[in-house]
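Listed here are the chains, written in short residue letters.
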Amino acid sequence: MELRHLRYYVAVVEEQSFTKAAEKLFIAQPPLSRQIQNLEAELGVQLFERGSRPLKTTEAGQFFYQHAVKLLSNAEEVKTMTQRVGLVEKTVTMGFVGSLLYGLLPKIVYLFRQQQPHLKIELIEMSTKDQIQALKEGRIDVGFGRLRISDPAVRRVLLREEPLMLAAHSSHPLTAHKQGVYLSDLVDENLFLYPSHPKPNFSTQVQSLFSEYGLEPKHLKEVREIQLALGLVAAGEGICVVPESARTIQLPHLNYIPILDDAARSPIFLAIRSMDESEDIRSLFDCIYQVYDLEAIKYDRAFI
C-alpha cells in the first residue's frame, strides 16, 4: 500500500463518484477503479457499498477513510518539516502571544540574535491554539504561549509560572490594600477580560481561576486586547487581572496590586515539535535560562 493509493481512495470517498474523482486526480477512470479494487483485495474487505448512488462507504470503508486522511496529513507535515530543516539559510520562526512582549521575551530574542548571528529570526504574533497547528504545519519552529494545550505532535515545556496582579484606578478602594487582594475581593467589581477572541485564551484562563476557587464574577466584559483593558481601567471603568509583566505598561492613575491566592499564576510555555532536537532549539533554551538567571527568576530547567 502506497500513499498514492490512499490519495485515490480519499478522492473517491469525498467525490462520491469514481468519475469525478478521476477528473480531480487527472487520471482515467478504469485505472482508478482497478487501484481501488487492488486496495480492497489487499485489505481483504469491501470498502464501498456495491450499487449505491451516490457512492457510499461500508463501515470498514469509513474507518479506513478517517485513518487515510490522518496518514496523508501526517505525511504532508513530515514533508514540510523536512524541507524546513534542510533550508540552506536557516530561519527560526517564533510564534508568541502578545502579552509576552511586556515580559522577558524581547530580552530573550535579542540575546538569541546576538549569540546566533547566522540565523534569521522571525516573530509572528498568534494565539497559543494557533501556534500548535502552525508548529505541525511547519510554519513556525517555536511557540511561546500561556495555555495548556496538548497534542502528541508537539512538546510543551513549562518555563515558569508568572504571578498575576490586579490593575485598578488609583481612586479605587482596592488600591488601599497595598499588600495585595484575593480573588474573592473582585467578584462584585466590573472586571475586564482580554482578549475577546479566539478561545481558549487568557480570558478563559482567568475565568477558570475564579472557578477553581468556587467564585463567579458578576460583571464581566471582554475587550479586544490588554492595552484597551488597561486604558479602560485607567479611565476608572473597572478593574483587570493581568500578568505581573504588564506593570511595564504605565498610564496615569493606573495601579498594580498583587493577587495573594496561591493559584493566581499564569504559566509560560515553550512549544516545539516533538521530534525537534536541533542545536538551534538547545541554544534558545540556553538563552532563556541565561535571562532568567540575570533577572533572578526561579525556574525548573528543562533540557532536551
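Please refer to the structure placed before this passage.
Conventions adopted
Residues numbered from 1 in each chain as written. Predicted model: local features only at pLDDT ≥ 70, side-chain atom pairs only at ≥ 80, totals over all residues. Heavy atoms only, no water. Salt bridge = Lys/Arg side-chain N within 4 Å of Asp/Glu carboxyl O. Buried < 20%, exposed > 50% of the residue type's maximum accessible area, 1.4 Å probe, protein only. Core = buried A, V, L, I, M, F, W, Y, C linked by side-chain atoms within 4.5 Å. Helix = DSSP H or I, 4+ residues; strand = E, 2+ residues; numbered from the N terminus. Contact = heavy atoms within 4.5 Å. Phe/Tyr/Trp six-rings, centres within 6.5 Å; stacked < 30°, edge-to-face > 60°. Patch = residues over 30% accessible without salt bridge, like charges linked within 9 Å, V, L, I, M, F, W, Y side chains within 5 Å. Areas by Shrake-Rupley, 256 points an atom, 1.4 Å probe, with all protein chains shown as cover. Pairing = 2+ DSSP bridges.

Quick word on the pattern of salt bridges
When their charged atoms lie close together, side chains carrying opposite charge are able to pair.
Link 1 in the chain: Evaluation of the coordinates by the stated rule reveals 17 salt bridges.
Link 2 in the chain: The shortest N-O distance in the salt bridge between Glu 2 and Arg 4 comes to 2.9 Å.
Link 3 in the chain: With relative accessibility at 43%, the residue Glu 2 sits in the partly exposed group.
Link 4 in the chain: A cluster of three or more residues bridged by salt bridges with shared partners is formed by Glu 14, Glu 15 and Lys 24.

A short note on the nonpolar core
General note: in soluble globular proteins, nonpolar side chains tend to be found buried as a group.
Link 1 in the chain: Leu 166 and Leu 186 are the most contacted members of the largest nonpolar core, which totals 34 residues.
Link 2 in the chain: At the level of secondary structure, the elements contributing two or more residues to this core comprise strand E4 (154-169), strand E5 (190-193), helix H7 (202-212), helix H8 (226-234), strand E7 (239-243) and strand E8 (254-258).
Link 3 in the chain: Apart from residues lying up to four places away in sequence, Leu 186 is in contact with Leu 166, Leu 174, Val 181, Phe 210, Ile 239 and Val 241.
Link 4 in the chain: Grouped together as the second largest cluster of nonpolar side chains are 28 residues, Leu 104, Ile 108, Val 142 and Tyr 289 included.

Observations concerning the packing of aromatic side chains
Link 1 in the chain: In total, this model carries six aromatic pairs according to the counting rule given.
Link 2 in the chain: Ring plane angle 50° and centroid distance 5.4 Å describe the contact between Tyr 9 and Phe 48, whose orientation is recorded as tilted. Within this pair, whereas Tyr 9 is found in helix H1 (residues 3-15), its partner Phe 48 is found in the loop between helix H3 (29-43) and helix H4 (59-85), the two being separated by 39 residues in sequence. Phe 48 matches Tyr 9 in its accessibility class, with the two residues each being buried.
Link 3 in the chain: Taking 6.3 Å as the distance between ring centres and 70° as the angle between the ring planes, the aromatic pair formed by Tyr 289 and Tyr 292 counts as edge-to-face.

Observations concerning unusual backbone geometry
Generally, phi is negative for residues other than glycine and the peptide bonds are trans, each holding for most cases.
Link 1 in the chain: For the bond from Arg 53 to Pro 54, the omega torsion is 0°, close enough to zero to count as cis.
Link 2 in the chain: Turning to its location among the elements, Pro 54 is positioned in the loop between H3 and H4.
Link 3 in the chain: Of note, the amide linkage connecting Tyr 194 to Pro 195 takes the cis form, showing an omega dihedral of -15°.
Link 4 in the chain: If you check the backbone angles, Gln 16 has positive phi at about 55° while not being a glycine.
Link 5 in the chain: Looking at the secondary structure, you find Gln 16 in the loop between H1 and helix H2 (18-25).

Considerations on a nonpolar patch on the surface
Link 1 in the chain: A grouping of Met 1, Leu 43 and Val 45 is seen on the molecular surface, where their side chains present a nonpolar patch of about 230 Å² in accessible area.
Link 2 in the chain: Residue position: Met 1 is located in the segment before H1.
Link 3 in the chain: Among the residues examined, Met 1 registers a relative accessible area of 47% and is labelled partly exposed.

Here's the deal with the pairing of E4
Link 1 in the chain: Where E4 and strand E9 (residues 265-273) come together, nine bridges link them in antiparallel fashion. Within E9, the residue paired with Pro 163 across the bridge is Arg 265.
Link 2 in the chain: Pairing between E4 and E7: four bridges, direction antiparallel. Along E7, the bridge assignment pairs Met 165 with Val 242.
Link 3 in the chain: In terms of strand pairing, E4 meets E8 through five bridges, oriented antiparallel. Paired with Leu 166 across the bridge in E8 is Ile 257.

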